[in-house]
There are 2 protein chains.
Amino acid sequence: MISFDGFTIEDGSPIYLQIILYIKRCIIAGTIVDGDELPSRRVLSALLGVNPNTIQKAYRLLEDEGLIQSHSGAKSCVVLDSRTLQRLRAELLESDIKNIISAMKQTGLEKEEVISLIKKYWE
Amino acid sequence: MISFDGFTIEDGSPIYLQIILYIKRCIIAGTIVDGDELPSRRVLSALLGVNPNTIQKAYRLLEDEGLIQSHSGAKSCVVLDSRTLQRLRAELLESDIKNIISAMKQTGLEKEEVISLIKKYWE
DNA sequence: GAAACCGTATTATATGAGTAATACAGTTTG
DNA sequence: CAAACTGTATTACTCATATAATACGGTTTC
């Protein structure tokens, strides 16, 4: 069963997107693997303190993307092959890295300053 | 007059917040300095293709934060001292860096991998 | 001084996000 | 088999974001 221990809802972006992003990052990290069971909509909504519809929206979009399968009655589970995993990895990492680079460039920082900041805050 | 040449509206976060962030980053970068004039609400709304009220909301919040001053009739302009600049710099950089670090950690990357990715994509 | 700007304010509307309360059919589990 | 779960669907409501169309008074500028 997939765990949501390291997950907390934050402001600034829709909850269903935060859930999707969390799951995708866990997939990339290898914390979530092919065949893993997801918590049911009701259980996860109670766990996170949000509405079941919000979970349903996240799961629905994950299913549209082919990352999970739902069987109407049984629990949903993760479906992964190596191509999907590679695509996910490229998508998320590139998008994250490009975002931070564009933000840092706009603030006038040089590559070396960014790297030293990352070293400083990584702990 | 402050330029919005390097600015394009993106999805994912409210437009008025994107405008605020852009101005703050220009202040940190030194592109915007004390006394600079802002484009009028109407002019900027036409330039960006958004509603004047959206610009007004961004400017209003910047004024609440003490970063700009408005004189009812005349154009708004930027008001900066060294303390404010230092505060802004710390706020934005820390927040950006911490975001990327938390995202990278969640995807299971090590510090060295992140640094090498940044070097790769910086061009 | 008048026209053309400026900031400010108001009211109305549309959309998306999130909540809330149900309902129904399929699957597990005892 | 029956109870307790599942996924799925529907309708209604609140709130924030963004748009739209004005209006009023102050400042520049010619």
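Remember, predicted model here, so these are calculated numbers, not experimental data.

Reading the values: the criteria
- Residues numbered from 1 in each chain as written.
- Chains lettered and ligands numbered in written order.
- Predicted model: local features only at pLDDT ≥ 70, side-chain atom pairs only at ≥ 80, totals over all residues.
- Heavy atoms only, no water.
- Helix = DSSP H or I, 4+ residues; strand = E, 2+ residues; numbered from the N terminus.
- Buried < 20%, exposed > 50% of the residue type's maximum accessible area, 1.4 Å probe, protein only.
- 1 Å grid on protein atoms, 1.4 Å probe; cavity = no way out; pocket = protein on both sides within 12 Å on 5 of 7 lines; lining within 4 Å.
- Points joined across faces, edges and corners; volume = space filled by probe spheres on them.
- Nonpolar A, V, L, I, M, F, W, Y, C, P; charged D, E, K, R; others polar.
- Near = heavy atom within 4 Å.
- Polar contact = N/O pair within 3.5 Å; in protein donor to acceptor, adjacent residues only side chain to side chain.
- Least-squares fit on C-alpha atoms with pLDDT ≥ 70 in both.
- Contact = heavy atoms within 4.5 Å.
- Domains from an automatic or database assignment.
- Salt bridge = Lys/Arg side-chain N within 4 Å of Asp/Glu carboxyl O.
- Buried area = accessible area lost by both parts, 1.4 Å probe.
- Phe/Tyr/Trp six-rings, centres within 6.5 Å; stacked < 30°, edge-to-face > 60°.
- Lys NZ or Arg CZ within 6 Å of the ring centre and 35° of its normal.

## A word on unusual backbone geometry
All names here are of chain A.
So, step 1. Residues other than glycine seldom take positive phi values, yet S72 does so here, at roughly 50 degrees.
So, step 2. Among the secondary structure elements, S72 is positioned in the loop between β1 (68–69) and β2 (77–78).
So, step 3. S72 gets classed as exposed once you look at its relative accessible area, which sits at 76%.

## What about the layout of surface pockets?
So, step 1. Reported here for the largest pocket is a volume of approximately 2,400 Å³.
So, step 2. Surrounding the largest pocket, 48 residues form its lining, A:S13, A:N99, B:G12, B:S13 and B:N99 being those nearest its centre.
So, step 3. Going through the elements one at a time, α1 (15–29) and α4 (82–106) of chain A together with α1 (15–29) and α4 (82–106) of chain B are the ones with two or more residues in the lining of the largest pocket.
So, step 4. Counted by class, the lining of the largest pocket contains 18 nonpolar, 18 polar and 12 charged residues.

## Here we look at the protein's contact with DNA strand D
So, step 1. Near DNA strand D there are 26 residues, and of these A:R41, A:R42, A:G73, B:I15 and B:Y16 occur at the shortest range.
So, step 2. Per the 4 Å cut-off to the protein, sugar and phosphate atoms form 62% of the nearby atoms of DNA strand D.
So, step 3. Between a sugar or linking oxygen of DNA strand D and a main-chain N or O atom of A:G73, the distance comes to 3.2 Å.
So, step 4. In this structure, a phosphate oxygen belonging to DNA strand D sits 2.5 Å away from a main-chain N or O atom of B:I15.
So, step 5. Of all elements in the fold, only α2 (41–48) and α3 (52–64) of chain A together with α1 and α3 (52–64) of chain B reach the threshold of two or more residues within the surface near DNA strand D.
So, step 6. Residues belonging to the surface near DNA strand D are distributed by class as follows: 7 nonpolar, 12 polar and 7 charged.

## Regarding the relation of the copies chain A and chain B
So, step 1. Rotating chain A by 179 degrees and moving it 0.0 Å along the rotation axis overlays it on chain B with an RMSD of 0.1 Å. Each copy turns onto its partner about a two-fold axis.
So, step 2. Residue by residue, 100% of the interface of chain A is reproduced at the interface of chain B, so both copies engage with the same surface.

## A few points about the domain arrangement of chain A
Residues and elements named next belong to chain A.
So, step 1. Domain boundaries assigned for chain A yield domain 1 (1–80) and domain 2 (82–123).
So, step 2. One C-alpha centre belongs to domain 1, the other to domain 2, and the line joining them spans 25 Å.
So, step 3. Tallying the contact residues gives 8 residues for domain 1 and 8 residues for domain 2.
So, step 4. Seen at the junction of domain 1 and domain 2, the total is 2 salt bridges.
So, step 5. When the shortest N-O distance is used, the salt bridge between D96 and R25 registers 3.2 Å.
So, step 6. Inspection of the region where domain 1 meets domain 2 yields 2 residue pairs in polar contact (both at pLDDT 80 or more).
So, step 7. Per-class residue counts for the side of domain 1 that touches domain 2 are 5 nonpolar, no polar and 3 charged.

## Comments concerning the interface of chain A and chain B
So, step 1. Across the boundary between the two partners, chain A contributes 31 residues, which contact 31 residues of chain B.
So, step 2. Summing both partners gives a buried area of about 3,300 Å² for chain A against chain B, and 76% of it is carried by carbon and sulfur.
So, step 3. Contact with chain B buries area across many residues of chain A, yet A:Q106, A:Y121 and A:W122 alone supply 23% of it, more than any other trio.
So, step 4. Taken together, the connections running from chain A to chain B amount to 0 salt bridges.

## Details of the environment of B:Q56
Residue and element names in this part refer to chain B.
So, step 1. By the secondary structure assignment, Q56 is in helix α3.
So, step 2. Residue classification places Q56 among the partly exposed residues on the basis of a relative accessible area of 37%.
So, step 3. Linking Q56 and E10, residues 46 residues apart in sequence, is a C-alpha distance of 19 Å.

## Side note on the packing of aromatic side chains
So, step 1. The tally for this structure, following the rule as stated, stands at 6 aromatic pairs over all chains.
So, step 2. Taken together, a centroid distance of 5.9 Å and an interplanar angle of 85 degrees make the contact between B:F4 and B:F7 edge-to-face. For the pair formed by B:F4 and B:F7, the shared burial category is buried.
So, step 3. A cation over a ring is seen here: A:K57 above A:Y16, with NZ or CZ 4.4 Å from the ring centre.

## Focus: the side chain of A:D96
So, step 1. Structurally, A:D96 is set in helix α4.
So, step 2. With near-sequence residues (within four places) excluded, A:D96 lies in contact with A:R25, B:I100, B:A103 and B:M104.

## Considering the environment of A:R25
So, step 1. Looking at the element boundaries, A:R25 is found in helix α1.
So, step 2. The class for A:R25 is buried, based on a relative accessible area of 10%.
So, step 3. Spatially, the C-alpha atom of A:R25 lies 7.8 Å from that of A:L92, the residues being 67 residues apart in sequence.
So, step 4. Leaving out residues up to four positions away in the same chain, A:R25 has contacts with A:L92, A:D96, B:A103, B:Q106 and B:T107.

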